[in-house]
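Take a look at the letters that make up each chain.
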Amino acid sequence: MNKKLIVALDFDNADKALNFLSNLDPNKCLVKVGLELFISEGWKILDLISERGFEIFLDLKLHDIPNTVAKSVKKISNFNVALTTVHLSGGIRMLEAASSEKGNIKILGVSILTSLSQNEIFEITDTNFDIYFNNLISIASSTNVDGVVCSPNELDRLKNFNKLKVVPGIRNDVSDDDQKRVMTSTEAYHKGADFIVVGRPITKSEDPKKALELFI
């Protein structure tokens with residue numbers, strides 16, 4: 001898994017997602033199946049994508065009691081999934097339960113969603129953003145998760161974090177969408193991102209093949 005780019009298949013049905021795959025090279029990127037596409041199509045979408053030769057990042061952001069999450073991860077491990085996600089805020093017992101059933105999958109702990117601002121974090125937690133983020137990373141460091149998902153703006157705080165860093169919120173051009181903590185792909189790679197996740201700048205591009213090359 002030496003590819004660094006993950007293209008988010010932000011589509012609501014299999015036909016759209018599979019048609020779009022013709023624009024991508026499985027030797028240059030992984031693809032992300034998120035909640036919308038998975039709910040629309042179920043487990044079959046994973047097999048259909050695998051048949052096209054792509055490695056899959058299944059991003060369901062599991063967050064439930066330890067037993068439920070462990071059983072869910074065990075189910076996921078039956079498919080050709082390289083990476084999957086759980087929320088770090090689920091706590092140490094949940095994370096260890098997930099890791100115990102991962103098989104060959106790498107478990108990523110989601111830190112703070114890139115759509116959330118510092119003010120919104122304070123509203124949710126009544127805690128300073130930096131303190132909350134550091135607490136989550138401490139949990140990730142002390143458990144068997146394989147890495148974290150974080151915004152590019154937090155990469156500077158992870159210089160001593162020796163696990164995978166998967167980074168959404170990548171924008172090479174100015175955009176007006178729900179991603180609030182963003183950075184260019186070049187900056188993110190320079191700051192230590194192991195993988196970057198890019199959706200709309202590629203999937204909504206008039207020339208997706210050309211757009212993909214800008215993020216590799």
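Residues numbered from 1 in each chain as written. Predicted model: local features only at pLDDT ≥ 70, side-chain atom pairs only at ≥ 80, totals over all residues. Heavy atoms only, no water.

Now for the packing of aromatic side chains. Across all of its chains, the model carries 3 aromatic pairs by this definition. Ring geometry for Phe11 against Phe20: centres 5.5 Å apart, planes inclined by 45°, an arrangement best described as tilted. Given the relative accessible area of 13%, Phe11 is considered buried. By relative accessible area, Phe20 is classed as buried at 6%. Measuring from ring centre to ring centre gives 4.8 Å for Trp43 and Phe79, while their planes differ by 10°; the resulting arrangement is stacked. On the criterion of sequence distance, the pair formed by Trp43 in the loop between helix 2 (35-41) and helix 3 (44-50) and Phe79 in the loop between helix 4 (66-76) and strand 4 (83-87) is long-range, its members being 36 residues apart. Taking the relative accessible area as the measure of exposure, Trp43 reaches 29% and is therefore partly exposed. Given a relative accessible area of 18%, Phe79 falls into the buried group. Clustering of aromatic rings is evident, with ring pairs tying together Phe38, Trp43 and Phe79. Here the basic side chain of Lys75 rests over the ring of Trp43, its NZ or CZ set 5.5 Å away from the ring centre. (Phe/Tyr/Trp six-rings, centres within 6.5 Å; stacked < 30°, edge-to-face > 60°. Buried < 20%, exposed > 50% of the residue type's maximum accessible area, 1.4 Å probe, protein only. Helix = DSSP H or I, 4+ residues; strand = E, 2+ residues; numbered from the N terminus. Lys NZ or Arg CZ within 6 Å of the ring centre and 35° of its normal.)

Turning our attention to helix 4. Burial in helix 4 covers these residues: Val69, Ala70, Val73 and Ile76. Buried residues along helix 4 cover an arc of 120° about the axis, so they all sit on one side. Elements that come into contact with the buried residues of helix 4 comprise strand 3 (56-62), strand 4, helix 5 (92-100) and strand 5 (106-110). (Arc of directions from axis to C-beta. Contact = heavy atoms within 4.5 Å.)

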